[in-house]
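# Geometric and topological summary
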Amino acid sequence: MTNCHVLIPSGGSGQRFGGSIPKQYLLIEGKAIVRFSLDLFIGMSEIQSVWVGIAPDLSSDLQKGVDWPNDKKLHVRLSGGESRHETVLKTLELMISEGIPDTDWVLVHDAARPGIEVNHVRALMEAVLETPQVSGGILALPVADSLKQQITTENDDPMIGKGQNRNGLWQAQTPQMFRVGDLKNALLLAINDGAEVTDEASAFERLDKSVKLVVGSPRNFKITYPEDLRFAEQIFTSFSSKEALVGGIRIGQGYDVHRLVEGRPLILGGVLVPSEKGLLGHSDADALLHALTDALLGAAGLGDIGKHFPDTDPKFKGADSKELLMSAYAKVCERGYTLINMDATIICQQPKLSNYIEPMVDTISRLLQVLPTQINIKAKTNEGLGYLGKQEAIATEVCVLINSN
Ligand code: MG
């Protein structure tokens, strides 16, 4: 079996970025940039362990902000150095001292490349492992833009000098994959020789070792300048790795049932329905609004009504379900979604609801600030069968579609 590990050098201070927080610890959607790739590698069964080399003086506030996942695959070490290759070397030495064999493979990945995708990591691993004659491989992209060599004129205006041919030129990305021992030795040699090491592959190039180029993706760009962060926010806010959307449309489903008892008002869809019996519950027991609230929360991946408004909390005793619905929908909107449509079925033997459907549609469309045509409610009996048919309870079922804005 081939053992592969990941090393993320995260000791950098990101001076080019400005500000006091290293760029890999800035947040996108509340998640530190380094966590995007970290979570991806931890989740890959082909990766045995993930090592992160952080600066020894990283403040505890920042540590908390990163919220390192509690996973036995992850090893965070205070092995950050003055430069990237020092961090990589120190972390490699720790990996070896902690039992990782020299002959295992390591994929070194930039902390500030949150857009790496599993299929590209796998393509790199396959390409390297299936080509025994290479020392390693890297993800890279063929250069698409024309390249210009700048010459400086007397008044310091940059001008184009002799053209550069872009044919055969690639832009290096990460991960870069080598054997643990080979990479350690190549970096040690480069440092001893005072050679410039801009990435791991450059330590092998100078030794004339063969390193494979594997096509990566423009999405795997490195966050270097403030504009890159804004670009990353746009990408990951609408398409985060956890919430991959298909066309931005998501579906949600909700179900609720409440017991019918004497001495309670019957409230359905925010409308008071004249009835001898009403629904029993901690709140006003509006089974239709509860199922709708659950469907909306479910569609946005926000859990359920019990999580947000627990019935063990005295605050919600006798709560107006209209308020709960609006509060839940506000959370859905905060996530960047709006309702496309809702379709509901109320299963109720008695009383007859046909006269109250329209007021319910009006109430819900007002609460959610959508058109009445986006809300559909149906009522049916249970043919006298079971507890619903015997008027012991009323049940509701709701489906919603939401769309990312
Ligand atoms: Mg309920």
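Everything discussed here concerns the structure shown above.
Presented here is an overview of the structure given in this document.

About the cut-offs
- Position numbers for residues start from 1 in each chain and track the written sequence from start to end.
- Where local features are concerned, this predicted model is filtered to residues with pLDDT of at least 70; where side-chain atom pairs are given and counted, the filter is 80 or more; whole-chain, interface and lining totals use all residues.
- Note: side-chain values were computed over all heavy atoms of the structure, leaving out hydrogens and water.
- Patch membership needs two things, relative accessible area over 30% and no salt bridge, and members are linked within 9 Å if like-charged or within 5 Å if nonpolar (Val, Leu, Ile, Met, Phe, Trp, Tyr).
- The method behind every accessible area is Shrake-Rupley, applied with a 1.4 Å probe, and residues are considered shielded solely by the protein chains displayed.
- Within this document, salt bridges are pairs made up of a side-chain nitrogen of Lys or Arg and a carboxyl oxygen of Asp or Glu, the two lying within 4 Å of each other.
- Secondary structure elements are taken from DSSP: a helix is a run of H or I of four residues or more, a strand is a run of E of two residues or more, and numbering for both begins at the N terminus.
- The buried label goes to any residue with under 20% of its type's maximum accessible area, the exposed label to any with over 50%, and the partly exposed label to all in between, with areas taken from a 1.4 Å probe on protein chains only.
- The criterion for strand pairing is that DSSP finds at least two bridges linking the strands in question.
- To define axes, lines are fitted to C-alpha atoms, for helices over the stretch in contact only, and angles between the resulting N-to-C directions are given on a 0 to 180 degree scale.
- For this analysis, residues touch if any pair of their heavy atoms sits within 4.5 Å.
- Pairing of aromatic side chains here covers Phe, Tyr and the six-membered ring of Trp, requires ring centres within 6.5 Å, and sorts the geometry by plane angle: under 30 degrees stacked, over 60 edge-to-face, intermediate tilted.
- Only N, O and S atoms count as donors, using a 2.8 Å cut-off from the metal and 3.2 Å for Na, K and Ca, and because water is excluded some sites may appear unfinished.

## Description of a nonpolar patch on the surface
Residues W170, L213 and V215 make up a contiguous nonpolar surface patch of about 260 Å² in total accessible area. Mapped onto the secondary structure, L213 falls in strand β11 (residues 211–215). Among the residues examined, L213 registers a relative accessible area of 41% and is labelled partly exposed.

## Considerations on the sheet that holds β11
Overall, mixed pairing links the seven strands, which are arranged β5-β4-β1-β6-β10-β7-β11 in an open sheet. At either margin of the open sheet sits one strand with a lone partner, and together these are β5 (74–77) and β11. Taken over all neighbouring pairs, the strand axes of this sheet differ in orientation by 25° on average, direction set aside. Sheet topology places strand β6 (residues 105–108) next to strand β10 (residues 170–179); four bridges connect them, and they run antiparallel. Across the sheet, residue V108 finds its bridge partner in β10, namely Q176. The strands touched by helix α1 (residues 33–42) within the sheet are β1 (4–10), β4 (47–54), β5 and β10, with β1 carrying the most contacts at an inclination of about 170°.

## Details of the sheet that holds strand β15 (residues 277–279)
Strand order in the open sheet formed by five strands is β15-β12-β18-β16-β17, and the pairing between neighbours is mixed. Every interior strand has two partners, whereas the edge strands, β15 and β17 (375–380), have only one. Averaged over all adjacent pairs, the angle separating strand axes in this sheet is 20°, with direction ignored. As paired strands, strand β16 (residues 337–347) and β17 are joined by six bridges and run parallel to one another. Bridge pairing in β17 links A344 to I377. Strands β16 and β17 of the sheet are contacted by helix α11 (residues 357–368), whose axis makes an angle of about 145° with β17.

## Some remarks on the packing of aromatic side chains
Tallied over the entire structure, the rule returns two aromatic pairs. Centroid distance F178 to F204: 4.0 Å. Interplanar angle 5°. Geometry classified as stacked. Of the two residues, F178 is situated in strand β10 and F204 in helix α6 (residues 200–205); the sequence distance between them amounts to 26 residues. Overall, F178 belongs to the buried group, its relative accessible area being 0%.

## Re the coordination of the magnesium ion
The magnesium ion binds to the protein through D256 (OD), H258 (NE2) and H290 (ND1); the donor distances cover 2.1 to 2.2 Å. Written as a sequence motif, the donor arrangement for the magnesium ion is D-x1-H-x31-H. Of this pair, D256 sits in strand β12 (residues 249–262) while H290 sits in helix α8 (residues 287–299), placing them 34 residues apart in sequence. With respect to class, D256 is no different from H290; both count as buried.

So yeah, pure geometry; function would need other evidence.
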